[in-house]
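Residue strings, one per chain:
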Amino acid sequence: MTTDAADWEWDETLFAGSAAHYSVGRMPYPTALAEAVRDALGLDGTGRLLDVGCGPGSLTLELAPLFASTVGVDPDAGMLAEAARRAEEAGLTGIAWLQSRAETLPEDLGVFQVVAFAQSFHWMDRLLVADRVRKLLDPAGYWIHVGATTHRGADDTASLPHPAPPWDRISELVAAYLGPVRRAGQGYLPGGTAGGEEDIMRQAGYTKVTRIQVDDGRIFERNVDSVVAAVFSLSSSAPHLFGERLPAFERELRGLLTEAAPDGCFSEREVPTGVVIWRP
């Protein structure tokens, strides 16, 4: 059965098996992101951060040093385990990890100076979550939504030292195994995830908005393993979706990549990261 974004329902298999692939397959956020958020919000190392839909902690670990304490929330146990591992590896303390859907966030979490969403809000019952989070947000606090593309680089491939990964051919290969309609957990999203975030936020009582963009202009060197991991980090090509055909798919994917770059070297230019800042 196919559904549109309005009918699609979240399920626990959405990112099943993807967490371990993030640290290998996803490019990091711009180095200037934390500084830009700090300056835009006037952060001074105090207060609390709530990162909702934190996944493996990619944004959480970037922003946590700007606060006295942090809570990362995600419904996927595998994602939280990976986030905790990465935090320990980075020597970061003062972060608590909570397994919960955003729609059922406990009301006793306390008050937060900043509530963050990074590429996660579109998976949620957005109006319900916006209302629920507002009860946890300090009246003078901020809601921030970080939008980024980290599994792949920009379409501009000019002047790269190595060829860019053949993403069009990769998408064709995924479709050959999983069908032409985008997968998402046990469901399908033929039109992609839902839009209209600004209308949702204003309906929930958030009226003041600021937008900033961060771009380090970096070029990343990638290899076959990192591109394979990037594919498996996506909800639309999470490992569980391939079932018994997973080994065959990975063999074909690696063959495609080796054909595109016999030396196994790829380059990609990072995509600028946007930050939308809301206040009630």
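The model shown is predicted, which means the values in this text are computed figures rather than measured ones.

Draft legend 1. Inspection of unusual backbone geometry at higher detail. Even without being a glycine, Gln119 presents a positive backbone phi close to 55°. Note on Gln119: relative accessible area 24%, which makes it partly exposed. The phi dihedral of Ser159 is positive, around 65°, even though this residue is not glycine. Relative to the elements of secondary structure, Ser159 occurs in the loop between β5 (137–147) and α6 (167–178).

Draft legend 2. Structural detail: the nonpolar core. Grouped together as the largest cluster of nonpolar side chains are 24 residues, with contacts concentrated most on Leu50, Phe117, Phe121, Trp143 and Tyr206. Leaving out residues up to four positions away in the same chain, Trp143 has contacts with Val115, Phe117, Phe121, Ala130, Val133, Leu137, Met201, Tyr206, Val276, Ile277 and Trp278. Listed in part, the 21 residues of the second largest apolar core include Leu49, Leu59, Leu66 and Val275.

Draft legend 3. Summary view of the pattern of salt bridges. One pass over the full model with this rule turns up 16 salt bridges. Put simply, Arg85 and Glu89 hold a salt bridge, and the shortest N to O gap is 3.3 Å. A residue pair is termed a helical-turn pair when its members lie 3 or 4 positions apart in one helix, as Arg85 and Glu89 do in helix α4 (residues 77–90) at four residues. Arg85 sits in the partly exposed class, given a relative accessible area of 35%. Measuring nitrogen to oxygen at the nearest pair gives 2.8 Å for the salt bridge that ties Lys135 to Asp131. Given the relative accessible area of 38%, Asp131 is considered partly exposed.

Draft legend 4. Molecular detail of the side chain of Arg86. Looking at where Arg86 falls in the secondary structure, it is placed in helix α4. Here Arg86 is buried and forms no salt bridge, its nearest opposite-charge partner Glu82 lying at an N-O distance of 4.7 Å. Setting aside anything within four residues of it in sequence, one finds Arg86 in contact with Tyr22, Ser23, Pro56, Ser58 and Leu61.

Draft legend 5. Main features of the pairing of strand β4 (residues 112–118). Counting buried residues along β4, six of its seven residues qualify, which places the element largely inside the surrounding structure. Where strand β1 (residues 48–52) lies against β4, four bridges are found, and the strand directions are parallel. Residue pairing across strands places Leu50 opposite Val115, the latter belonging to β4. Tracing the backbone out of β4, into helix α5 (residues 126–134) and back to the parallel element β5 gives a crossover that is right-handed.

Draft legend 6. Quick peek at the sheet that holds β5. Spatially, seven strands are ordered β3-β2-β1-β4-β5-β11-β8 in an open sheet, and the strand pairing comes out mixed. With one partner strand each, in any of the chains shown, β3 (95–99) and β8 (208–214) form the two edges of the open sheet. Across the sheet, the mean angle from the axis of one strand to that of its neighbour is 20°, orientation sign disregarded. Note that β5 and strand β11 (residues 273–279) share five bridges and pair antiparallel. Paired with Gly147 across the strands is Gly274, a residue of β11. Against the sheet, α4 touches β2 (69–74) and β3, its axis set at about 170° to β3.

Draft legend 7. Main features of the environment of Ala194. By the element assignment, Ala194 lies in the loop between β7 (187–188) and α7 (197–203). Owing to a relative accessible area of 28%, Ala194 belongs among the partly exposed residues under this scheme. C-alpha separation for the pair Ala194 and Arg126, spaced 68 residues apart in sequence, amounts to 9.8 Å.

Draft legend 8. Geometry of the packing of aromatic side chains. For the coordinates displayed, the defined rule picks out ten aromatic pairs. An angle of 80° between the planes, with centres 6.2 Å apart, marks the rings of Phe232 and Phe242 as edge-to-face. Linking Phe232 in helix α8 (residues 224–232) with Phe242 in the loop between α8 and α9 (246–260), this pair joins segments that are ten residues apart in sequence. Take Phe232 and Phe242: they sit in the same class, and that class is buried. Ring pairing ties together the aromatic residues Phe117, Phe121, Trp143 and Tyr206, which thus form one cluster.

Scoring rules and cut-offs
- Residues numbered from 1 in each chain as written.
- Predicted model: local features only at pLDDT ≥ 70, side-chain atom pairs only at ≥ 80, totals over all residues.
- Heavy atoms only, no water.
- Buried < 20%, exposed > 50% of the residue type's maximum accessible area, 1.4 Å probe, protein only.
- Helix = DSSP H or I, 4+ residues; strand = E, 2+ residues; numbered from the N terminus.
- Core = buried A, V, L, I, M, F, W, Y, C linked by side-chain atoms within 4.5 Å.
- Contact = heavy atoms within 4.5 Å.
- Salt bridge = Lys/Arg side-chain N within 4 Å of Asp/Glu carboxyl O.
- Lys, Arg positive; Asp, Glu negative; His and termini not counted.
- Pairing = 2+ DSSP bridges.
- Right-handed = clockwise from strand over helix to strand, strands pointing away.
- Axes fitted to C-alpha atoms, helices over the stretch in contact; angles between N-to-C directions.
- Phe/Tyr/Trp six-rings, centres within 6.5 Å; stacked < 30°, edge-to-face > 60°.

Keep in mind that these numbers describe shape and distance, not what the molecule does.
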